[in-house]
Amino acid sequence: MQERQGRLFFALFISLGIWLALQYFFFPPEKKPLQPTDKVTQTDETDTSDSSEKKLADGSDKSSNQVTSGGKSPAPTISSKPVPKPVDPASVKKYYIKTDPYLIEMSSLGGRISQFYIKNHLEPDGNILEIVKDPKRHTIEFDGESYMAIEISRNNGFDFNPIFAKDDIPDSEFNYKNFASLVNEESLEYNFESLSNDGSYTLIKKYRFFPKENYFIFHLEIKNNTKEKLILANTKNPLYLRSFGSLGPITKTKDEMSDRDMANFFRYFYLDGSFEDFLDGTSTEGFFSNMFGGAKPEDTRFEIKKATSKEGVDFAGTGSRYFIAVLDPLSYNPEGVLLDNRVGNQTGVLMIYDEITLEPGEITGFDYAAYVGVREPDGLAFRDANLDPVKNKKSPFFNMSDALDKSFNQGLTTPFRNGIVWVLKKIHIVVPNYGWAIIIFAILFKLIFFPLNQKQADSMKKMQELSPQIKEINEKYGNDPQVKQTKIMELYKKNKVNPMGGCLPMLIQIPIFIALYTAFSDTVDLWESPFLWVADLSEPDTIFVLPPIMGVALNVNLLPLIMVGSQVLQSRLTVVSTDPNQKMMMYMMPIIMLYFFWSMPSGVTLYWTMQNLLSILQQVITNKYGKDAKLKRLEKANAGSGTGGDSYKTGPANAPQAPASKRTPPRKRRKK
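Keep in mind that what you see is a predicted model, and the values were worked out from it rather than measured. Numbering of residues starts from 1 in every chain and runs along the sequence as written. With pLDDT at 70 or above as the cut-off, local features in this predicted model cover only qualifying residues; side-chain atom pairs require 80 or more to be listed or tallied, and sums for whole chains, interfaces and linings still use all residues. The basis for the side-chain values is all heavy atoms of the structure; hydrogens and waters are excluded.

**Let's talk about a nonpolar patch on the surface**
Now for step 1: For patch detection, residues must exceed 30% relative accessible area and be free of salt bridges, and they are connected within 9 Å for like charges or within 5 Å for nonpolar side chains (Val, Leu, Ile, Met, Phe, Trp, Tyr). Every accessible area reported is derived by Shrake-Rupley at a probe size of 1.4 Å, with residue values counting cover from the shown protein chains alone. Criterion for a salt bridge: a side-chain nitrogen of Lys or Arg within 4 Å of a carboxyl oxygen of Asp or Glu. Together, Trp 436, Leu 532, Trp 533, Ile 543, Phe 544, Leu 546, Leu 554 and Ile 562 line one region of the surface with nonpolar side chains, adding up to about 760 Å² of accessible area.
Now for step 2: Only DSSP runs of H or I reaching four residues or more are called helices, and only runs of E reaching two or more are called strands; each is numbered from the N terminus. With three residues, strand β24 (residues 542-549) is the single largest residue contributor to the nonpolar patch.
Now for step 3: Along the chain, the position of Ile 543 falls in strand β24.

**Observations concerning the pattern of salt bridges**
Now for step 1: Within this structure, the stated rule accounts for 17 salt bridges.
Now for step 2: Lys 425 is paired through a salt bridge with Glu 123; the nearest N and O atoms lie 3.1 Å apart. Residue Lys 425 is located in helix α7 (residues 414-430), and its partner Glu 123 is located in the loop between β4 (121-122) and β5 (128-129); the two are separated by 302 residues in the primary sequence.
Now for step 3: Categorising residues by exposure relies on relative accessible area from a 1.4 Å probe, with only protein chains included: less than 20% of the type maximum marks a residue as buried, more than 50% marks it as exposed, and the intermediate range marks it as partly exposed. Among the residues examined, Glu 123 registers a relative accessible area of 9% and is labelled buried.
Now for step 4: Residue Glu 539 pairs with Arg 321 through a salt bridge whose shortest N-O separation is 3.2 Å. One end of the pair, Glu 539, is in the loop between α12 (504-522) and β24; the other, Arg 321, is in the loop between β18 (313-319) and β19 (323-329), with 218 residues separating them in the sequence. With respect to class, Glu 539 is no different from Arg 321; both count as buried.
Now for step 5: Each of Lys 98, Asp 143 and Glu 145 takes part in salt bridges that share partners, so that together they form one network.

**Describing the sheet that holds strand β6 (residues 139-142)**
Now for step 1: If DSSP finds at least two bridges between two strands, the strands pair. One open sheet accounts for five strands, arranged β1-β2-β3-β7-β6; its pairing is antiparallel. At either margin of the open sheet sits one strand with a lone partner, and together these are β1 (94-98) and β6. Looking at each pair of strands side by side, their axes are set apart by 45° on average, direction ignored.
Now for step 2: The sheet contact formed by strand β2 (residues 102-107) and strand β3 (residues 112-119) spans six bridges and is antiparallel. A fitted line through C-alpha atoms serves as each axis, taken over the contacting stretch for helices, and the angle formed by two N-to-C directions is quoted from 0 to 180°.

**Some details on the sheet that holds strand β20 (residues 336-340)**
Now for step 1: One open sheet accounts for five strands, arranged β8-β14-β21-β20-β17; its pairing is antiparallel. Of all the strands in the sheet, just β8 (161-163) and β17 (302-306) have a single pairing partner and so form its edges. Neighbour-to-neighbour, the strand axes of the sheet open up by a mean angle of 30°, direction not taken into account.
Now for step 2: Where β8 lies against strand β14 (residues 239-242), three bridges are found, and the strand directions are antiparallel. Each residue of the ladder has a partner; that of Asn 161, found in β14, is Arg 242.

**Thoughts on the pairing of strand β9 (residues 180-184)**
Now for step 1: Relative to strand β10 (residues 189-195), β9 is paired through five bridges, and the arrangement is antiparallel. From the neighbouring strand, Ser 181 faces β10, where its bridge partner is Phe 192.

Structure (structure tokens):
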């Protein structure tokens, strides 16, 4: 996510920089102006912990870790790992939880969430949040019934199990243990309990779900079964807690996924009051750190980030294009986080505990709030006010972080982005198609910025009227750039033309465009939303694929081509083409725009195309019916009829006239 947004900002500013640089060198007057599909195979997944049930059913064995206790409270021993006994598949229990937003399958094997589905559900305003729209692709069988839902754990589930050695990550010895379980289906409480391999301690896991919430509570307990002090974790041998792995949904095979698709999967943490996120499957080096280099540690497989303040680890989790999963410690803040930097990793972020010492028979507990849902503020809202920790201090979620919205990481323009999504949803209530909603939004946006855009249109009109005089100056002073610039600036000043008038509106709207990009790219509402020939507004509108050339197939996308055509037409109406270099720029910029927009979501391209068409319409109206055009027509009419005291004037409407004292007086009539 960080890399994707970095590239977007970088591309926009570089494009603007190129434009301004060319303006500076070639046009001095303007120098002052950036889930799975039906049957997607998961053979590309590298997360071994996620298929533990299948391995055990096949009778394969897996080494585990051992924690020992002794007379001098030894640290955990993780080198000699006994082979666990195979688990009889018939003894594994499955539990099916159904809430308004979730469908969750839990397994006694590992005491873990084995499948996690999200389905359409009510938002706080009472409207349905349509996550899945295609019954053919997203109808699933769950507990003997059919539902429209999408699996977002990549069919790997979520562990919530401790690990005692970095080399065992992302696996845990407890993933291969069949936990004893105790459930209360009415209160949606699911408890699991298991002994460690050596029997020195008991691991107890408690999950509590809520009928209408996107949140659930996770409680972890560790009980010392020995008569000695047990050092379960220290700075040399810490405990790593893994919760969420890489988040889905996965709707394409590995071969079908582009770099842009891969950039939608990320992991993050909030440590010492600072938020950081990184792309899945890569190292923790972001776009700009890769670009400018920097010192690298010797062992780059794993990276530990330790807290240096009392704030510590606030939360950590994983995210995808439309969803996030976040674990928030409520009681015992971890000492840091561990990041898996191995290529292809889908490990997520592990929390580090390096100070866990238990007296004989002592139980220590860790409380967490977990959120799994859409990357929208409405998702974080509590449906039941009694569960809201802000309104009720007795809520089980009390002490939950008030910065969870930072995990959305939708950029500096997030307030604008959220406002755009809100308006888009309101329009969609009236016009139930997001393609038309985007068109209506583009019109409304144009009306809001009409005064600013009108100044731009007027400025372009005046520049076009002065083009013959600018051409004359260019020809006359072509060998003296300094004098040429001075003369052109005098011409602008004399005719009250601001050469920056056309650039200012573009500069002001760049932050708005970035907000529009995130709004149209990352809101789940546009996902799989069709419009005319567009099958999915969240993807490019590919109409056909050309045969491979040198092994590379080219998708033909119609909307970017229409957008480029409108861009060229707009340039012809607004750019003063008195210079061959400027003519070249008039056609070069649309080509650059085509490169950036070719793989963008069609919703973004549709909006930009509409803006171009509306700008063309505004410029045509300004040229034909603007104030200066009306004055010209009036002067022409007066000149043609021979009437009007000033019918002898020629030239532009705003051309300076000779002083009255120097004008030739009209002849007097002779008296008969």
